[in-house]
Amino acid sequence: MSTDNSIVLPVVDLSGYLHPTSPADKARVIAEVREACSEYGFFQVKGHGVPLDMQKALLQSLRNLFSLPQEEKLKLSFLNNPCRRGYEASGMSVREGDAMADSKEPFWVQKAFYIGREDPVIERPGFYGPNVWPDLAEEDFHGPVWEYYQATDKLGKMIWEILLQGLGHPPSLMEAFSKRPFVQMKMIRYPPASATLPGQYGVGAHTDFGGVTVLLQEAGREGLEVWHEGRQEWLPVPAMENMYIINCGDMIQNWSGGQYKSAKHRVINKSDHERLSCATFWHGDVGASNPLNPSDPDRETVGQLLVKRFGRQFSLSKTVVEQVRAS
Ligand SMILES: O=C(O)CCC(=O)C(=O)O
Ligand SMILES: [Fe+2]
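Residues numbered from 1 in each chain as written. Chains lettered and ligands numbered in written order. Predicted model: local features only at pLDDT ≥ 70, side-chain atom pairs only at ≥ 80, totals over all residues. Heavy atoms only, no water.

(A) How the structure looks around the nonpolar core. With 66 residues, the main nonpolar core has L58, L163 and M187 as its most contacted residues. With twelve residues, the single largest contributor to this core is helix α6 (residues 142–166). L58 has contacts with V145, Y148, M185, M187, L216 and C278, leaving out every residue within four places of it along the chain. One finds L9, I188, V203 and L235 within the second-largest nonpolar core, a separate group that totals 17 residues. (Core = buried A, V, L, I, M, F, W, Y, C linked by side-chain atoms within 4.5 Å. Buried < 20%, exposed > 50% of the residue type's maximum accessible area, 1.4 Å probe, protein only. Helix = DSSP H or I, 4+ residues; strand = E, 2+ residues; numbered from the N terminus. Contact = heavy atoms within 4.5 Å.)

Now the structure itself:
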């Protein structure tokens, strides 16, 4: 394996799409995103429109949350929530097939908190429903987190719109696809390296299973690595202020006929600091089907596709999986 780390992920400036001065600006962004997703499945973005203050307030909210006593957080365990919202203690989401899935020690050592769309009633169990919130003042958690969720929801939708156009489709296809989009946000804390056992990762090698992932990393807290298939090597991803990481999940790879890659990635926090990150997973309307190839004869929906994958995760109870399958 080569140890040449000189290649870095492409950086795309989205301001040309958000505030174009000519049609050529938009076309350039669309082409750059297509190139990046075909080669790496991952890219960095600046000019994304999410204010830096909002990102900082989100990270501070994570610190407030993770400093709560463990008993407090466990009251909100996502394992007891039909919509997979709430707190995930280390090791709860080990997946079938992970090398150490049977080990007694947690393999993945990150802790996380999930929120999603705010819907008053649980429908299509597991997808739509209410969030749970920790007992913290509005300005210390709910306010900044909800504001941030909405901003990255918008960004994720815009990336989808760009991906569609990269394959020659009109942006209007997003109307049906974003009617009631399933968008999950995972707020993550990795412990310092000194607090983990040898062989434990922050997050073991995996691909994301769904649509577009919009990832914020705490500036200066490296640890994310992306697998480059062509070079057969792990590519370290810098953690830079005000720079998002975008990547495509398996649903996009499948639906684009492999044109856009879903790349394997992992997180190893080698530093003596905790590492915070936040991933917004923008999947699409649960009842919508492939907008990346509207003439695809297979009309499998977002919901059906995700259930297939959720069903293989230990973190969803069998009853919930059965309910979703039957819905
Ligand atoms: O924390 C990160 O940098 C990446 C997290 C990730 O890949 C995931 O949760 O799927
Ligand atoms: Fe991931």
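(B) Quick peek at the packing of helix α2 (residues 23–39) against α6. The contact between α2 and α6 brings their axes to 9 Å, and the two run at 85°. Considered as vectors, α2 and α6 are oriented roughly perpendicular to each other. Contacts between α2 and α6 pair V29, I30, V33, R34 and C37 from the former with I162, L163, Q165 and G166 from the latter. Split into classes, the residues belonging to the contact of α2 with α6 amount to six nonpolar, two polar and one charged. (Axes fitted to C-alpha atoms, helices over the stretch in contact; angles between N-to-C directions. Parallel < 35°, antiparallel > 145°, perpendicular 65-115°, else oblique. Nonpolar A, V, L, I, M, F, W, Y, C, P; charged D, E, K, R; others polar.)

(C) Broad picture of helix α9 (residues 302–310). Among the nine residues that make up α9, seven are buried, leaving the element largely enclosed by the rest of the structure. For α9, the full list of buried residues reads V302, G303, L305, L306, V307, R309 and F310.

(D) Up close: unusual backbone geometry. You will see that R84, though not glycine, has its phi angle at about 60°, which is positive. If you trace the backbone, R84 turns up in the loop between α4 (70–74) and β3 (86–88). Backbone geometry places N242, a non-glycine residue, at a positive phi of 65°. Topologically, N242 is positioned in the loop between β9 (233–236) and β10 (244–248).

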